[in-house]
Amino acid sequence: MTTGAEIDSPWYEVAALAEMDPDFPTSVEVQGQKVGLFLLDGAVHAIEDVCPHAYALLSQGFQEDGVIECPLHAARFDIVSGKCLTEIGQRDLQCFPVRVQQGRIQLRLQPQAKGAA
Ligand code: FES
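Now for a quick tour of the structure. All figures in this text were calculated on a predicted structure; none of them were measured in a lab. Along each chain, residues carry numbers from 1 onward, in the same order as the chain's sequence is written. Residue-level local features of this predicted model are given only where pLDDT is at least 70; pairs of side-chain atoms are given and counted only at 80 or more, and the full residue set underlies all totals for whole chains, interfaces and linings. Excluding hydrogens and water, the side-chain values take into account all heavy atoms of the structure.

### Describing the overall build of the protein chain
Inference 1: Secondary structure counts use DSSP, requiring at least four H or I residues in a row for a helix and at least two E residues in a row for a strand, with both numbered from the N terminus. A tally of regular secondary structure across the protein chain gives 0 helices and 10 strands.
Inference 2: The linear arrangement of helices and strands in the protein chain, starting from the amino end, is β-β-β-β-β-β-β-β-β-β.
Inference 3: Accessibility here uses a 1.4 Å probe with only protein chains present; expressed as a share of the type maximum, an area under 20% marks a residue as buried, one over 50% as exposed, and anything in between as partly exposed. Burial statistics for the protein chain: of 117 residues in total, 41% are counted as buried.
Inference 4: Should any heavy atoms of two residues lie within 4.5 Å, those residues are considered in contact. Of the contacts formed within the protein chain by residues at least 6 apart in sequence, a portion of 43% connects residues at least 24 apart.
Inference 5: Summed over all atoms, the accessible surface of the protein chain reaches about 6,700 Å², with 48% contributed by carbon and sulfur. Each accessible area value is a Shrake-Rupley result obtained with a 1.4 Å probe; residue values ignore everything except the protein chains displayed when judging cover.

### So, the sheet that holds strand β6 (residues 67-69)
Hydrogen bonds along the backbone pair up the strands of a sheet, which may run parallel or antiparallel.
Inference 1: Judged by pairing direction, the sheet is antiparallel, and its 3 strands sit side by side in the order β5-β6-β7 without closing on themselves. The sheet is open, and its two edges are formed by β5 (62-64) and β7 (76-78), each paired on a single side. Averaged over all adjacent pairs, the angle separating strand axes in this sheet is 20°, with direction ignored. By definition, two strands form a pair when at least two bridges between them are found by DSSP. Fitting a line to C-alpha atoms yields each axis, with helices limited to the stretch in contact; the angle taken between N-to-C directions then spans 0 to 180 degrees.

### What to know about the sheet that holds strand β8 (residues 95-96)
Inference 1: In space, the 4 strands of this open sheet follow the order β2-β3-β4-β8, with antiparallel pairing throughout. Only two strands of the sheet have a single neighbouring strand rather than two, namely β2 (26-30) and β8.
Inference 2: Sheet topology note: the strand β4 (residues 43-48)/β8 ladder contains 2 bridges and is antiparallel. By the bridge assignment, Ala-46 is partnered in β8 with Phe-96.

### A look at the pairing of β2
Inference 1: Note that β2 and strand β3 (residues 33-40) share 5 bridges and pair antiparallel. Paired with Val-30 across the bridge in β3 is Gln-33.
Inference 2: As consecutive antiparallel partners, β2 and β3 are separated by 2 residues, and within that stretch Gln-31 has a phi angle of approximately 50°, a positive value.

### So, unusual backbone geometry
Inference 1: Phi is positive for Asp-65, which is not a glycine, with a value near 50°.
Inference 2: Along the chain, Asp-65 turns up in the loop between β5 and β6.
Inference 3: For Asp-65, a relative accessible area of 74% corresponds to the exposed category.
Inference 4: For Gln-102, which is not glycine, the phi torsion reads 50° and is therefore positive.
Inference 5: Since its relative accessible area comes to 82%, Gln-102 is described here as exposed.

See below:
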């Protein structure tokens, strides 16, 4: 029996890198978890897609300069760190580990701590 030891989440294949648009996020759902994918300076970032304030998908928001703005009440979050930049956003977003293998984007649902952008 393991107590307190987390088993690593598997990698889930979620999208093709070639389909990513640097100006528009992509929304995917893995094991019931909605995740927003962002292509920023050639790197893919995955953050939770549901805004902590109420129910809106951040991937349907406005993306600019590494920040995603919620389409409902304009909470803003840093795409790389998940950091909440406006009070209305209430908390930072979970970031998920991402890798690209043979042009396919894979992610883990195990949240990762990221440093400040
Ligand atoms: S639902 Fe995102 S700011 Fe209100």
